[in-house]
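Examining the three-dimensional arrangement
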Protein chains: 2
Amino acid sequence: MTWTIHHGDALAVLPTLPTASVGCIITDPPYNSGGRTATERRSDSIRGKYVNGNAKHALADFAGDNRDQRSFGYWLTLVLSECLRVAEPGASALVFTDWRQLPATSDALQAAGWTWRGVIPWRKPISRPCRDGFRRECEYVLWASSGPPARHPEPVYLPGLVEGSQPRGKERRHITQKPVAVLRQLVRVSPPGAVVLDPFAGAGSTGVAALAEDRAFIGCEITEHYATIARERLTAAAADGAGAVGEPVG
Amino acid sequence: MTWTIHHGDALAVLPTLPTASVGCIITDPPYNSGGRTATERRSDSIRGKYVNGNAKHALADFAGDNRDQRSFGYWLTLVLSECLRVAEPGASALVFTDWRQLPATSDALQAAGWTWRGVIPWRKPISRPCRDGFRRECEYVLWASSGPPARHPEPVYLPGLVEGSQPRGKERRHITQKPVAVLRQLVRVSPPGAVVLDPFAGAGSTGVAALAEDRAFIGCEITEHYATIARERLTAAAADGAGAVGEPVG
DNA sequence: AAGGGCGATGAATCTCTAT
DNA sequence: AATAGAGATTCATCGCCCT
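What counts, and where the lines are drawn
Residues numbered from 1 in each chain as written. Chains lettered and ligands numbered in written order. Predicted model: local features only at pLDDT ≥ 70, side-chain atom pairs only at ≥ 80, totals over all residues. Heavy atoms only, no water. Helix = DSSP H or I, 4+ residues; strand = E, 2+ residues; numbered from the N terminus. Buried < 20%, exposed > 50% of the residue type's maximum accessible area, 1.4 Å probe, protein only. Contact = heavy atoms within 4.5 Å. Areas by Shrake-Rupley, 256 points an atom, 1.4 Å probe, with all protein chains shown as cover. Least-squares fit on C-alpha atoms with pLDDT ≥ 70 in both. Pairing = 2+ DSSP bridges. Phe/Tyr/Trp six-rings, centres within 6.5 Å; stacked < 30°, edge-to-face > 60°. Polar contact = N/O pair within 3.5 Å; in protein donor to acceptor, adjacent residues only side chain to side chain. pLDDT = per-residue confidence, 0-100. Patch = residues over 30% accessible without salt bridge, like charges linked within 9 Å, V, L, I, M, F, W, Y side chains within 5 Å. Salt bridge = Lys/Arg side-chain N within 4 Å of Asp/Glu carboxyl O. Axes fitted to C-alpha atoms, helices over the stretch in contact; angles between N-to-C directions. Left-handed = near helix turned anticlockwise from the far one by under 90°. Nonpolar A, V, L, I, M, F, W, Y, C, P; charged D, E, K, R; others polar.

**Some words on the overall build of chain A**
- In terms of regular secondary structure, chain A is built from eight helices and eleven strands.
- The proportion of buried residues among the 250 residues of chain A is 54%.
- Partitioning the intrachain contacts of chain A with sequence separation of at least 6 by distance along the chain shows that 74% fall at a separation of at least 24.
- Entry remark: accessible area of chain A is about 10700 Å², with carbon and sulfur atoms responsible for 52%.

In structure tokens:
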């Protein structure tokens, strides 16, 4: 299957894509959680928020994680509106979020014109316990569609909850990287052969999952460092395809 | 441990309870979901909305499931404000909701003055599949506290996700009945000996779980039919207590 | 008593028809 | 044309009966 990684801001790249050209959107926007105060959220370093002070890995920061909640909602609505334009009628959108931004993310999806269809918890077996409280064990995937959802040629029934630990060791290239096994399950919400779009591609895991499931992929990543990593991983993933020639486009 | 079931509307009963007298609130308010249109959501019969046409059981309808979304939020804020007054400083509130009402419920909790602390998915192994989409497998428990959460004398670490099937067969007394095993895990967010309050007690499962975990219980139920069932179940649960004499109060 | 087989069912959703 | 109502649908799970 073919793939493309655009290097640039989602709000600059999405308008260049043709209307109704994409069958599925799967993405993990930078959601500024963590810091309780606007000041904490606007702190310069992502690592300070998401990574233990003594963590040994040296993953690069990512951009766009310093909005306050109001402008997060506004900005995400703009992005998701462009995604709706680019989406074919009946396409699904799957948007990752944490518990704190779930309401703002569902508002943005609906404000952008998507029909909200459900929530899929993502359970991370490796997660922090919390004294005298509940472990923070799940993130969430919001599921929406552009109008009535398209019917697949062959019916599929997908799970209501996905499980998988974040990649560790040298598999891990990005601070918020998702397991490919989880993304492969999500990709199946699109019909086989669909084009999958990820406007915040990061290290490209959505694309790796899309190619593995015989879908095409268009990604967009603002940080040069990660765009390069994504291209490397997608080249490798395309070569892995059973007999399929990896054909990077664009 | 002692227990009470008040028969009446939560908004009438809560104001009669003393300020700062309760250590934990666990409840499942009637959240009017289901139905594509406002009219369908406001339909008179719960069975018509939520139960398979050919289901054989004959469980009674429950009250209060006919609000539109705006008044749901308004009404729930009123209830949760009274709950906050009744709660001791540091008390937790655990509020069940489905995916559709999760944002409105988190708004109501915060508007009422509670500090939102997290979401615990409840996974139900028995759930409906969805063609070409994700099974609706989870409901959600929103966790909040009245100011900074109280410390337990002995630390406890609770799960970030709870699992359990709805009671079936003759165990089942209410359409939306929760498994006691799930509620027992949730009750542990309160210190041992605390008073647990459920303003929408239904068939009283929260009380059964509270007694089993050595907490006292105050419940409130508007439908006479269910208030009676709750009293029966609590009487039995108190008698089951290892040596403890069941002492209904009020 | 343990285990296999059968059947019921889920805090719906979707389609089609009648008003 | 919008709304209301009736009927079909889908499968993992679990109760219950029968060996």
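From this point, the narrative continues.
**Here's the deal with the environment of Arg70(A)**
- Considering the arrangement of structural elements, one finds Arg70(A) in helix H4 (residues 69–86).
- Between the alpha carbons of Arg70(A) and Ala104(A) there is a distance of 8.6 Å; along the sequence they are 34 residues apart.

**Looking at the environment of Gly64(B)**
All names here are of chain B.
- Among the secondary structure elements, glycine 64 is positioned in the loop between helix H3 (46–50) and helix H4 (69–86).
- Accessibility expressed as a relative area gives 21% for glycine 64, which makes it partly exposed.
- Along the primary structure glycine 64 and tryptophan 75 are separated by eleven residues, whereas in three dimensions their C-alpha atoms are 10 Å apart.

**Details of the relation of the copies chain B and chain A**
- Between the two copies, chain B and chain A, the superposition gives an RMSD of 0.2 Å; the rotation angle is 180° and the shift along the axis is 0.1 Å. Taken together, the rotation angle and the small translation identify this as a two-fold axis. Across chain B, the rotation axis passes nearest the C-alpha of Pro103(B), at a separation of 2.3 Å.
- When the interface residues of chain B are mapped onto chain A, 98% of them are again interface residues, pointing to one common binding face.

**Structural notes on the pairing of strand S6 (residues 136–145) of chain A**
Residue and element names in this part refer to chain A.
- Counting buried positions along S6 gives nine out of ten residues, so the element sits mostly inside the fold.
- Inspection of the sheet shows strand S3 (residues 87–97) paired to S6 by six bridges, in the antiparallel sense. Directly across from serine 92, in S6, lies its bridge partner serine 145.
- Sheet analysis places strand S4 (residues 115–128) next to S6, joined by nine bridges and oriented antiparallel. Note on S6: the bridge partner recorded for isoleucine 120 is valine 141.

**Regarding the packing of aromatic side chains**
- Going through the model one piece at a time under the given rule, you end up with eleven aromatic pairs over all chains.
- Aromatic pair Trp75(A) and Phe200(A): ring centres 5.5 Å apart, planes at 50°, arrangement tilted. Placement of Trp75(A) in helix H4 and of Phe200(A) in the loop between strand S9 (195–198) and helix H7 (205–212) is noted, with a sequence separation of 125 residues between them. When sorted by exposure, Trp75(A) lands in the same class as Phe200(A), which is buried.
- On the numbers, 6.2 Å between centres and 70° between planes, the contact of Tyr140(A) with Tyr140(B) is edge-to-face. You can see Tyr140(A) sitting in strand S6 and its partner Tyr140(B) sitting in strand S6 (residues 138–145), one on each of two chains.

**A short note on the side chain of Asp28(A)**
All names here are of chain A.
- Relative to the helices and strands, aspartate 28 resides in the loop between strand S2 (22–27) and helix H2 (38–41).
- A polar contact is formed between the side chain of aspartate 28 and the side chain of lysine 178, at a distance of 2.6 Å.
- With residues near it in sequence (within four places) discarded, aspartate 28 still touches Phe96, Thr176, Lys178, Asp198 and Phe200.

**Concerning the confidence of the model for chain A**
- Taken over all residues, the pLDDT of chain A has a mean of 90, while the share at 70 or more is 88%.
- With pLDDT under 50 throughout, residues 242–248 of chain A is counted as low confidence; its partners more than four residues away or in other chains account for seven contacts.

**Details of a nonpolar patch on the surface**
- Where nonpolar side chains cluster on the molecular surface, the patch consists of Leu11(A), Tyr74(A) and Leu78(A) and spans about 290 Å² of accessible area.
- For Tyr74(A), the location among the structural elements is in helix H4.

**Regarding the packing of H4(B) against helix H5 (residues 102–111) of chain B**
Residues and elements named next belong to chain B.
- The contact between H4 and H5 brings their axes to 8 Å, and the two run at 35°. The crossing of H4 and H5 is right-handed. Here H4 contributes Gln69, Phe72, Gly73, Leu76, Thr77 and Leu80 to the contact with H5, which in turn contributes Ala104, Thr105, Ala108, Leu109 and Ala111.
- In the contact of H4 with H5, the residues fall into seven nonpolar, four polar and no charged.

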